[in-house]
Amino acid sequence: MNQAGGQAVTVSHELVEDSFQGSQFKTVELLAEQPLKPAPDDVDPDDPASGAGKDFHYTRLPRANENGWNNSATSPVRVTFYAGDFDRFTVAAADGTALGELGDREAWVRADDTDGLPITLQARSASGAVSSKGADTIRIDTQAPMLSWDADANALTASDEAAAGSDKATSGVWKVRQVKADGRPLTAENVTPASAGATAFGAEGDNTAASPATEGTEWAFTLTDGKGNARETLPAVQPGFYVAEDAAGNVSAPFEVRDPSIDPGPDGPDGPDNPDNPGTGDPDDPIKPDPDKPSSGDTDPNPGPNPGPAAPVFPTITPKPDGTGATAPEPLTPTEVVTDSSSGLTHAMIHDELALPTSSKPVTPDMMAQLIDERYVVGTGLTDRTISRSPVRLFDSAGNPAEAIDRSRPGTWIAEQTFTDAAGNTTTLRLTITVRNDTADGALRAGTADGGGTSGKGSTANGHRTALANHISQLPQTGGILGACPLHILFVLMALIASAYSLGRLRQRRQAERESERAQQGRADEDGSGNWPDAPWLQVGDGGSDAAAQGGTDAAGSARDGGITSPQGDAGNRAARFTLFDGTVLGAIMLCAIALGTLGFCPVDPFFAGATALVALFWAWRLARTPRRPKASVTALPQRHLEWDNALRG
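Residues numbered from 1 in each chain as written. Predicted model: local features only at pLDDT ≥ 70, side-chain atom pairs only at ≥ 80, totals over all residues. Heavy atoms only, no water.

Examining the sheet that holds strand β4 (residues 77–81)
Adjacent strands of a sheet pair through backbone hydrogen bonds, lying either parallel or antiparallel. Taking strand neighbours across the sheet as the criterion, the three strands line up as β3-β4-β7 in an open arrangement whose pairing is antiparallel. Of all the strands in the sheet, the pair left with one neighbour each is β3 (58–61) and β7 (107–110). On average, each strand axis in the sheet is inclined to that of its neighbour by 10°, with strand direction left out of account. As defined by bridge partners, β4 adjoins β7 across four bridges and the pair is classed as antiparallel. Paired with T80 across the bridge in β7 is A107. (Pairing = 2+ DSSP bridges. Helix = DSSP H or I, 4+ residues; strand = E, 2+ residues; numbered from the N terminus. Axes fitted to C-alpha atoms, helices over the stretch in contact; angles between N-to-C directions.)

So, in structure tokens, the structure goes:
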């Protein structure tokens, strides 16, 4: 007895009573089922809290569309195993042939087109446990359909057919819809010139197109088992731009259907009616110059200054100014410009470079799109300034598609984003991204045609940034009111340490002063008791002698007071109040704050460093200054001594 299929193993028996033919059925489960669990759609397998290996055992990414297909944007297909309940994972064909044996986080990849590859999935553990079998069918179609126009039949045909011997799989035509010239869905703008049958799309005199929800702008065809027909024909469609979509989700390039009632013949843009081309007057050869008629160039011998080069017919990409007031950057020069002879559209390629520091956080396509939007300005010379942006595509150094840029170690990556203007011209920005240990985060510079503009080593838009600052960027971010810089909390802690130390020293001083005053008071009391034999009324002499004696006592007292409050005594007190250890502690805090502020890790670090140094300097001044104390508590004779002396005189 085994559990090769991963299903539950049960034993059943039936008890039958002979006399009355009663029966009872009993089932016992010996081995529980070991289910093989795919990852839910909303789970990130790389999240440590996702439960990979326990809550789910494998992922199949990218997921197929609603028709069961992957297309050029969602291929290749990867089946990745996550160890936990099981140790090994097998991907096999329908006939049992093993296609891949996977360990933890290893993937089986299918990149080639296929009309349907059934696979089975099963996991095993070292203890002998076997999971139930999972099943999937891989269907990949990376070829987009095509559109063609038959003017004689007044019909638009969508076809999705593979060339003989191409090994391409086709999913069949699924939809045809009317779009703008650049392939975007219809909006309130007209998709064709007003003279080209504008009334066919809206009311007469209204220069607006029908909305996508209007009947006659989208057609969907029946699919059988997720697959459409190789060809579909639409008769008598309106002039405009159209795209076809196959069942896999591949979309064709925009195709223009022209109004047959408009003839751009000899009286069109190149005919005699065009003032820029006066023609020859010869109906047999309207293009050949007529020697008896002056050309347009002869009519004005001084045509004026040269208007300069024409604006590019493709979207331009310009680095944004750095805010220093320098000359505005020039648009990046394309490395490749191709014009499609059939459509007349222009496609350009621009290269630039970007340097990023190593980090534990990967860069996703959405993050890269935001960075490109912050660093570049995309423009167009068309009247319609609309620019559409494609999703960012990421690749590793070998050109393989990537889901994110791994910044955990140095390496080279590629990011691409395509910009399309309203006419359908495109420009693709290709960024070569270098991840290094000693470079600044997100530094971009104006590039050149050969990929110039690499950010300098450790440079940022605000100046130099040290390699140590890049390593500090790996520290946990503080957030909150202190900002994201991890050094801000260090500055605050240093200021608190300086304050706590200084307050403790001041408390220690006050306690020492109180103890000193108590000791001086005690000595004064003792001196008063010992002066009884020297009292003036016991001495032989007159009042002058008494006064002299009393004056001697006062003089002695003054002499004693002078020994305490003299400048020399103050200097000694000052030295005792601010010790060498006090200066060492507060000086070390100031120097540490200044050193951290010079790292250049954050633009506001110098302000935090300055505030911390000022706090330490204030406490140094507070500890060094000597407050004035009243002299009466030290120099005056005890009050009881004077009262007793006067009483004995009387």
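Focus: the packing of aromatic side chains
What the rule picks out here adds up to eight aromatic pairs. Measuring from centroid to centroid gives 5.7 Å for F56 and Y82, while their planes differ by 75°, and the two rings are edge-to-face. Taken together, the residues F56 in the loop between β2 (23–31) and β3 and Y82 in the loop between β4 and β5 (88–93) connect sequence positions 26 residues apart. Where F81 meets F89, the ring centres are 5.1 Å apart and the plane angle is 15°; that geometry is what we call stacked. Accessibility expressed as a relative area gives 0% for F81, which makes it buried. Sitting over the ring of W174, K175 keeps its end group 4.3 Å from the ring centre. (Phe/Tyr/Trp six-rings, centres within 6.5 Å; stacked < 30°, edge-to-face > 60°. Buried < 20%, exposed > 50% of the residue type's maximum accessible area, 1.4 Å probe, protein only. Lys NZ or Arg CZ within 6 Å of the ring centre and 35° of its normal.)

Some details on unusual backbone geometry
Along the chain, L61 connects to P62 via a cis peptide bond; the corresponding omega equals -15°. One can find P62 in the loop between β3 and β4. The step from S75 to P76 runs through a cis peptide bond, and the omega angle for that step is 5°. Assignment of secondary structure puts P76 in the loop between β3 and β4. Backbone geometry at N154 places phi at a positive 50°, although glycine is not the residue there. Note on placement: N154 falls in the loop between β10 (146–150) and β11 (155–159). A relative accessible area of 32% means that N154 is categorised as partly exposed. Residue A236 is not a glycine yet carries a positive backbone phi of 50°.

Looking at the pattern of salt bridges
On inspection of all chains with the given rule, the structure shows 14 salt bridges. D41 is paired through a salt bridge with R63; the nearest N and O atoms lie 2.8 Å apart. Taken together, the residues D41 in the loop between β2 and β3 and R63 in the loop between β3 and β4 connect sequence positions 22 residues apart. D41 gets classed as exposed once you look at its relative accessible area, which sits at 62%. E256 is the salt-bridge partner of R258, the closest N and O atoms lying 3.6 Å from each other. For R258, a relative accessible area of 61% puts it in the exposed group. Residue E256 is classed as partly exposed on the basis of its relative accessible area of 30%. (Salt bridge = Lys/Arg side-chain N within 4 Å of Asp/Glu carboxyl O.)

Quick word on helix α6 (residues 580–597)
Taking 1.5 Å per residue as the helical rise, α6 with its 18 residues ought to reach 26 Å, and the 26 Å between its terminal C-alpha atoms agrees with that figure. Among all positions of α6, only D582, V585, L586, G587, I589, A593, L596 and G597 are buried. (Expected span 1.5 Å × (residues − 1).)

Focus: the sheet that holds strand β12 (residues 173–179)
One open sheet accounts for four strands, arranged β13-β12-β15-β16; its pairing is antiparallel. Each edge of the open sheet carries a strand with a single partner, namely β13 (218–220) and β16 (255–257). Mean inter-strand twist for the sheet, computed between neighbouring axes without regard to direction, equals 25°. The pairing of strand β15 (residues 240–246) with β16 spans three bridges and is antiparallel.

A short note on the side chain of T426
Along the chain, the position of T426 falls in strand β25 (residues 426–436). Side chain to side chain, T426 and H347 meet in a polar contact 2.6 Å long. Once residues within four sequence positions are removed from consideration, T426 is found in contact with F314, P315, T346, H347, A348, T418, F419 and T420. (Polar contact = N/O pair within 3.5 Å; in protein donor to acceptor, adjacent residues only side chain to side chain. Contact = heavy atoms within 4.5 Å.)

Quick notes on the nonpolar core
One finds I317, M368, I372, I405, L429, L431 and I433 to be the most contacted residues of the largest nonpolar core, which totals 21 residues. Contributing elements (two or more residues each) for this core: β19 (346–357), α1 (365–375), β20 (376–379), β24 (411–421) and β25. In terms of residue count, the dominant contributor to this core is β25 (four residues). The residues touching L431, leaving out its near neighbours within four places in the chain, are D352, E353, M368, I372, Y376, W413, I414 and A415. (Core = buried A, V, L, I, M, F, W, Y, C linked by side-chain atoms within 4.5 Å.)

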